[in-house]
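Analysis of the macromolecular model
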Amino acid sequence: DTAVSQTPKYLVTQMGNDKSIKCEQNLGHDTMYWYKQDSKKFLKIMFSYNNKELIINETVPNRFSPKSPDKAHLNLHINSLELGDSAVYFCASSQVTPRTYNEQFFGPGTRLTVL
Amino acid sequence: AQTVTQSQPEMSVQEAETVTLSCTYDTSENNYYLFWYKQPPSRQMILVIRQEAYKQQNATENRFSVNFQKAAKSFSLKISDSQLGDTAMYFCAFMKPPYNNNDMRFGAGTRLTVKP
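The following refers to the structure shown. Throughout, residues of each chain are indexed from 1 in the direction in which the sequence is written. Chains and ligands are labelled by the order in which they are written, letters from A for the one and numbers from 1 for the other. Per-residue local features of the predicted model are confined to residues with pLDDT of at least 70, and side-chain atom pairs are confined, for both listing and counting, to 80 or more; whole-chain, interface and lining totals are unaffected and use all residues. To obtain the side-chain values, all non-hydrogen atoms of the structure were used and water was disregarded.

A separate point is the pairing of strand β4 (residues 31-37) of chain A. Residues and elements named next belong to chain A. Partly exposed residues are those whose accessible area sits between 20% and 50% of the maximum for their type, while under 20% is buried and over 50% is exposed, using a 1.4 Å probe and protein chains only. Secondary structure elements follow DSSP: runs of H or I no shorter than four residues count as helices, runs of E no shorter than two count as strands, and numbering proceeds from the N terminus. With 6 of its 7 residues buried, β4 lies for the most part within the structure. When DSSP finds at least two bridges between two strands, those strands are taken to pair. With 7 bridges joining them, β4 and strand β5 (residues 43-50) adopt antiparallel strand pairing. Its bridge partner lying in β5, Tyr 33 is registered against Ser 48. As paired elements, β4 and strand β9 (residues 87-94) share 7 bridges and run antiparallel to each other.

Written as structure tokens, this is what we have:
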């Protein structure tokens, strides 16, 4: 069974469109994340959600909005897509314990191409 | 701010030989976690090894080991007996407390090619 899944794996769209990427985890984790990996392979956290509350919100355009209907899902919605949004987007999840680290499990990534 | 630097954009090694990937980081924290992640062409991010800063002993996972130099803020990854399947991007990453944020910061990556 896939631990962290993302759909779609590939997304090609036109500038100005609105799109969503879905993420689901079946690990029972309480925290989910979105990362962006640019063309130079640099991986940077965008959002972190814990128990349906946003706890990390890096400086990303407000065209990007995470939506978490429940603990097992964290979707990424992007409005008015721009060329610079082209990247691979990774979802991840973990069980957070305040005083210790818990491994983040990554999804397979979604390659977004904006034309 | 915490930063992670990988100074080797690309490296190559012959199959069965040993290679070391470099990573340095900057932090004022005394305790933290360090990681090496592997990203093969499939794009999947795979945790290779992790090290907690207060542990002096270097972490080891089969053919993968680290050289953790806390004072120098250096965290290199050694891959012994390199295999073709080790070909991938390797990312060094850092996480500081409080761990309830689970805020992980990545370096720019090193592309490793294992040659037959």
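A few words now on unusual backbone geometry. Residue Pro8(A) is reached from Thr7(A) by a cis peptide bond, and omega for that bond is -5 degrees. Among the secondary structure elements, Pro8(A) is positioned in the loop between β1 (4-7) and β2 (10-13). One non-glycine residue, Arg43(B), lies in positive phi territory at about 80 degrees. Tracing the chain through its elements places Arg43(B) in the loop between β5 (33-39) and β6 (46-52). Despite not being glycine, Asp81(B) has its phi angle at roughly 50 degrees, a positive value. Locating Asp81(B) in the fold gives a position in the loop between β9 (74-79) and β10 (88-95).

The next point concerns the interface of chain B and chain A. The contact rule is simple, with two residues in contact once any of their heavy atoms fall within 4.5 Å. Taken together, the contacts link 25 residues of chain B with 32 residues of chain A. Here the quantity called buried area is the total loss of accessible area, with a 1.4 Å probe, experienced by two parts when brought into contact, counted for both. Summed over both partners, the interface of chain B with chain A buries about 2200 Å², with 53% contributed by carbon and sulfur atoms. Counted as salt bridges are all cases of a side-chain nitrogen of Lys or Arg within 4 Å of a carboxyl oxygen of Asp or Glu. Run the count over chain B and chain A and you get 0 salt bridges. Within 3.5 Å is the distance limit for a polar contact, defined as a pair of N or O atoms, with the added protein rule that one can donate a hydrogen and the other accept it, and that residues adjacent in sequence qualify only through two side-chain atoms. Where chain B touches chain A, the interface holds 5 residue pairs in polar contact (both at pLDDT 80 or more). At the level of elements, β5, β6, β10 and β11 (104-106) of chain B are the ones that each hand at least two residues to the side of chain B that touches chain A. Only Asp, Glu, Lys and Arg are considered charged in this grouping, and only Ala, Val, Leu, Ile, Met, Phe, Trp, Tyr, Cys and Pro are considered nonpolar; every other residue, Gly among them, is considered polar. For the side of chain B that touches chain A, a count of residues per class yields 13 nonpolar, 7 polar and 5 charged.

For the purposes of this analysis, a disulfide is any pair of cysteine sulfur atoms at a distance within 2.5 Å. All told, the structure shown has 2 disulfides over all chains when counted by the stated rule. Linked covalently through their sulfurs, Cys23(A) and Cys91(A) form a disulfide whose S-S length is 1.8 Å. What sets the handedness of the Cys23(A) and Cys91(A) disulfide is the S-S torsion sign, and at about -75 degrees it is left-handed. Of the two residues, Cys23(A) is situated in strand β3 (residues 19-25) and Cys91(A) in strand β9; the sequence distance between them amounts to 68 residues. The class of Cys91(A) is buried, set by a relative accessible area of 0%. The disulfide that involves Cys23(B) links it to Cys92(B), with 2.0 Å between the sulfurs. For the disulfide bridge between Cys23(B) and Cys92(B), the dihedral angle about the S-S bond is near -70 degrees, and by the sign convention the bridge is left-handed. Of this pair, Cys23(B) sits in the loop between β3 (19-21) and β4 (24-26) while Cys92(B) sits in strand β10, placing them 69 residues apart in sequence. Take Cys23(B) and Cys92(B): they sit in the same class, and that class is buried.

When the charged atoms of two side chains with opposite charge come close together, those side chains can pair. All names here are of chain A. Counting across every chain of the model gives 4 salt bridges over all chains. One salt bridge in this structure joins Arg 63 and Asp 85, with 2.8 Å as the shortest N-O distance. Of the two residues, Arg 63 is situated in the loop between β6 (53-57) and β7 (64-70) and Asp 85 in the loop between β8 (73-78) and β9; the sequence distance between them amounts to 22 residues. Residues Arg 63 and Asp 85 agree in their burial class; the two are buried.

What follows deals with the packing of aromatic side chains. Pairing of aromatic rings covers Phe, Tyr and Trp, the last through its six-membered ring, and needs centres within 6.5 Å; plane angles under 30 degrees mean stacked, over 60 mean edge-to-face, and all others mean tilted. All chains considered together, the criterion is met by 16 aromatic pairs over all chains. With 5.3 Å between their ring centres and 65 degrees between their planes, Tyr25(B) and Tyr32(B) make a pair best called edge-to-face. In this pair, the class of Tyr25(B) matches that of Tyr32(B), namely buried. Ring-pair connections join several aromatic residues into one group, and the members of that group are Tyr33(A), Tyr35(A), Phe90(A), Phe106(A), Tyr33(B), Phe35(B), Tyr37(B), Phe91(B) and Phe106(B). The criterion is that NZ of a Lys, or CZ of an Arg, lies within 6 Å of the ring centre and within 35 degrees of the ring normal, and then a charge sits over that ring. For Arg43(B), the ring lying beneath its charged end belongs to Tyr10(A), and the centroid distance is 5.3 Å.

Glancing now at the sheet that holds β3(A). Residues and elements named next belong to chain A. Strand order in this open sheet of 4 strands is β1-β3-β8-β7, and the pairing throughout is antiparallel. The open sheet terminates on both sides in strands that have one partner only, identified here as β1 and β7. The sheet shows a mean angle of 20 degrees between the axes of neighbouring strands, taken without regard to direction. With 4 bridges joining them, β1 and β3 adopt antiparallel strand pairing. Across the sheet, the residue bridging to Ser 5 is Glu 24, located in β3. Inter-axis angles, ranging from 0 to 180 degrees, are taken between N-to-C directions of lines fitted to C-alpha atoms, where helices are fitted over the stretch in contact.

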